[in-house]
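Chain by chain, the residues run as shown.
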Amino acid sequence: MMTRRLTVVTVFALLLGLLGVDLANSAPLDPFQAPPALALGSGLAGAGAHCAALPTAD
Amino acid sequence: MTSAAAIAPARSSTLTRTGLILGALVAILGLSATAGVRYGLLLAVGLGFGLILEGFRFGFAGPWRAMILRREPAGLIAQLLSIALVALVAIPLIANNGTELIGAHAPVGYAMIGGAFVFGACMQIVLGCGSGTLVNAGSGNPVSALALPFFAIGSFAGAYHLLWWTNLGTAPVVVLSGTSGLVLTLAGLAAVAGLALYLAAPGARSLPRRLWIAAGLLAVLALANLVVAGQPWGVVYGLGLWAAKGVTALGMDISGSAFWTLPTNQARIAESLLTDVTSLTNIGIIGGAFIIAAWRSGLSARLPQLPLRAWIGTIIAGFLLGYSSRLAFGCNVGAFFSGISTGSLHGWVWFVAAFAGAFQGIRIRKALGLDG
């Protein structure tokens, strides 16, 4: 089975494994504590977890 | 006798296609119900990115290669068009909603320029950029599938050392904002497109219909990303976070990193990836590309036979893609696409440095035997 199917199965197995480890070691999901569906109009500041964000200690 | 039916890959069945659509809908609705509507929407946006990038064959690394080697500018111009469409809405939107929405604004610096150059080279070596590596991995490309975990490790490591690198010399953040900023951004994009058309080979100046459509749809999704998440489309932060999650689960102490100990990043490590913006869109891109590949029955293609040096080169290039993109404050998505479209000067500098690096990467790719 040396086709792209093998690659895809491997990629998704690794991804599911990562999510499994993540869910086991993270705060539980809670839809009632989730932010509003849209950031625009929410009145909340952006989180800043973006690759372009310059890290500062502030 | 070889019939056409024997040569052509079998089309996916209606059952398979129905399953793909249902699977995507269940994932979106399930995540909305268990984590929150915003996260379901972000997964949907990511799936849309993957569907468009793979479905319309819209890329970044390939079109740069086509421009450099064959002077075919169509793919590059499609990128510039999509960025312009986003800028038309995003720059005024961020200006009027500065608390809720942030741009991909970062400073220019020595490490930023060097990082972009290395990224540009590596994206030609593996022929996959930030988004391209995800798309290709999702559609079964073994080179990108191998590069992806090392991309994530490199992104984690680059972020780990980021403040050391920025301390080498970093200028203040420059943002092209307001009407003048928007006009400058659009004029810059038009100038690059004009130069690409001027340099184009005869007969290569037209844009295929699929690229017009893809550029428009990609712009709509990038704006949706901004409106839903409060930040522009990005890739690299999420990949670094995946590795950070992995190493902390294994017990590694990351308290020595000024970056990963910042409150924002500590919060991201403590919370699930299913509530992280870039992780969700990254997962969506992989899933969207998979849907297209399975829909077209493209998963039955045989894997290429590549020399060992090609696989070793892929691992090194994958790591460097991640590491360099952190120093460069983003990849082709976070810096080039989102940086320029939200008015950041670093996006323009990234583009020049990465394009220069692409010339070197094309040579290295050939030497590694990755051209087949």
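Here the structure is a predicted model, which is why all the values come from computation and not from measurement.

Would you mind going over the overall build of chain A with me for this structure?
When helices and strands are counted, chain A shows one helix and zero strands. Its C-alpha atoms give chain A a radius of gyration of 18 Å, clearly above 10 Å, the size a compact globule of 58 residues would have. Viewed in the frame of its principal axes, chain A has a C-alpha envelope of about 50 × 30 × 25 Å. By the burial criterion, 26% of the 58 residues in chain A qualify as buried.

Help me understand the packing of helix α7 (residues 130-138) of chain B against helix α8 (residues 142-160) of chain B in this model?
How two helices sit against one another is set out by the angle between their axes and by the gap between those axes. Residue and element names in this part refer to chain B. One can describe the packing of α7 onto α8 by two numbers: an axis separation of 8 Å at closest approach and a directional angle of 130°. When the axes of α7 and α8 are compared, the pair comes out oblique. Crossing hand, α7 versus α8: left-handed. Touching Gly130, Gly132, Thr133, Leu134, Asn136 and Ala137 of α7 are Ser144, Ala145, Ala147, Leu148 and Phe151, all from α8.

Looking at this structure, how should I read the packing of helix α4 (residues 61-70) of chain B against helix α17 (residues 345-368) of chain B?
Residue and element names in this part refer to chain B. Packing of α4 against α17 leaves a shortest axis separation of 10 Å and a crossing angle of 70°. What the angle tells us is that α4 and α17 run roughly perpendicular. Contact with α4, carried on its side by Trp64, Arg65, Met67, Ile68 and Leu69, involves Trp350, Phe351, Ala354, Phe355, Ala358, Phe359, Ile362 and Arg365 of α17 and no other residues of that element. A per-class count over the contact of α4 with α17 returns 11 nonpolar, no polar and two charged.

What is the right way to read the environment of B:Pro142 from this model?
You can see B:Pro142 is positioned in helix α8. A C-alpha to C-alpha distance of 27 Å links B:Pro142 and B:Ala249, two positions 107 residues apart in sequence. In this structure, B:Pro142 is in contact with A:Thr7, B:Leu303, B:Pro304 and B:Trp311, ignoring residues within four places of it in sequence.

Each value, and the rule that gives it
- Along each chain, residues carry numbers from 1 onward, in the same order as the chain's sequence is written.
- Lettering of chains starts at A and numbering of ligands starts at 1, both following the order in which they are written.
- Confidence filtering applies because this is a predicted model: local features only for residues at pLDDT of at least 70, side-chain atom pairs given and counted only at 80 or more, and all residues used for totals across whole chains, interfaces and linings.
- Only heavy atoms go into the side-chain values, all of them from the structure, while hydrogens and water stay out.
- Labels follow the DSSP assignment, with helices taken as runs of H or I lasting at least four residues and strands as runs of E lasting at least two, numbered in each case from the N terminus.
- The reference for a compact globule is 2.2 Å times residues^0.38; the radius of gyration itself is calculated from the C-alpha atoms.
- Three exposure classes are used, based on accessible area relative to the maximum for each residue type with a 1.4 Å probe and protein chains only: buried under 20%, partly exposed in between, and exposed over 50%.
- Here an axis means a line fitted to C-alpha atoms, over the contact stretch when the element is a helix, while the angle between two N-to-C directions is reported on a 0 to 180 degree scale.
- Every angle not falling under 35 degrees, over 145, or within 65 to 115 is termed oblique; those three ranges are roughly parallel, roughly antiparallel and roughly perpendicular.
- Crossing handedness: left-handed means the near helix sits turned counterclockwise from the far one by under a right angle, and right-handed means the same turn made clockwise.
- The contact criterion used throughout is that any non-hydrogen atoms of two residues lie within 4.5 Å.
- Classification convention: Asp, Glu, Lys, Arg as charged; Ala, Val, Leu, Ile, Met, Phe, Trp, Tyr, Cys, Pro as nonpolar; all other residues, Gly among them, as polar.

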